[in-house]
Amino acid sequence: MHPGSRLRDARESLGLTYRDVEQASYNLASGRGRPEFIVRISRLADIENRGVTPSLYKLYSLSAIYHLDPLEVCAWYDVPLAGHFSDSGHLPAP
């Protein structure tokens, strides 16, 4: 199952519509003072149905709105944030 489908399942399990998610993201963006947190309906549809990868800000918003662990959601996109420190230990510092 691709990440967008997992996000759609999470949204639907909470009974949220696209409009609910958009409104919640506006509230989050307002509280954070950054419009990048807004997830517009068209972008949400692209994420869920077209396999578009959300920006870091939108991933944060969706994780918060859906009450998901953002580290887990990143792993769905093959970004292993939990392994960051072990990976950086193998790379020489500049």
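Keep in mind the model is a prediction, meaning the values are calculated, not measured.

A. Inspection of the packing of aromatic side chains at higher detail. Under the criterion given, the structure shown has 2 aromatic pairs. Ring centres of phenylalanine 37 and tyrosine 57 lie 5.1 Å apart, and the angle between their planes is 90 degrees; on these two criteria the pair is classed as edge-to-face. Residue phenylalanine 37 is located in the loop between α2 (18-32) and α3 (41-49), and its partner tyrosine 57 is located in helix α4 (residues 56-66); the two are separated by 20 residues in the primary sequence. The class of phenylalanine 37 is buried, set by a relative accessible area of 9%. An aromatic cluster is defined as three or more aromatic residues linked by ring pairs; in this entry it consists of Phe37, Tyr57 and Tyr60.

B. Broad picture of helix α1 (residues 3-13). Along α1, the positions that sit buried rather than exposed are Pro3, Gly4, Ser5, Leu7, Ala10 and Arg11. Against α2, α3, α4 and α5 (70-76) lie the buried residues of α1.

C. Seen up close, the packing of α2 against α4. One way to put it is that α2 packs onto α4 with a least axis distance of 10 Å and a crossing angle of 110 degrees. Considering their axes alone, α2 and α4 lie roughly perpendicular with respect to each other. Along this stretch, α2 crosses α4, giving a crossing that reads as right-handed. Listed contacts from α4 to Val21, Ala24, Ser25, Leu28 and Arg32 of α2 are Tyr60, Ser61, Leu62, Ile65 and Tyr66.

D. Structural context of the pattern of salt bridges. Going through the model one piece at a time under the given rule, you end up with 4 salt bridges. Between glutamate 48 and arginine 11 there is a salt bridge; the shortest N-O distance is 2.8 Å. Of the two residues, glutamate 48 is situated in helix α3 and arginine 11 in helix α1; the sequence distance between them amounts to 37 residues. For the salt bridge of arginine 34 with glutamate 36, the shortest nitrogen-to-oxygen distance reads 3.2 Å. Put simply, Arg11, Glu12 and Glu48 are held in one network by salt bridges that share partners.

Reading the values: rules and limits
- The residue numbering used here restarts from 1 in each chain and proceeds along that chain's sequence as written.
- Reporting of local features is limited, given that this is a predicted model, to residues whose pLDDT is at least 70; pairs of side-chain atoms are given and counted only at 80 or more, and all residues count toward the totals for whole chains, interfaces and linings.
- Hydrogens and waters are ignored; side-chain quantities use all the structure's heavy atoms.
- The pairing test for Phe, Tyr and Trp rings, Trp by its six-membered ring, is centres within 6.5 Å, and the orientation test on the planes gives stacked under 30 degrees, edge-to-face over 60, and tilted for anything in between.
- Numbered from the N terminus, helices here are DSSP runs of H or I no shorter than four residues, and strands are runs of E no shorter than two.
- A simple rule labels every residue: compare its accessible area, found with a 1.4 Å probe on the protein chains alone, to the largest value its type can have, and call it buried under 20%, exposed over 50%, or partly exposed in between.
- Contacts: residue pairs with any heavy atoms within 4.5 Å of one another.
- Fitting a line to C-alpha atoms yields each axis, with helices limited to the stretch in contact; the angle taken between N-to-C directions then spans 0 to 180 degrees.
- An angle below 35 degrees is read as roughly parallel, one above 145 as roughly antiparallel, one from 65 to 115 as roughly perpendicular, and any other as oblique.
- Two helices crossing with the near one rotated counterclockwise from the far one by less than a right angle form a left-handed crossing, whereas a clockwise rotation gives a right-handed crossing.
- By definition, a salt bridge exists where a carboxyl oxygen of Asp or Glu is found within 4 Å of a side-chain nitrogen of Lys or Arg.

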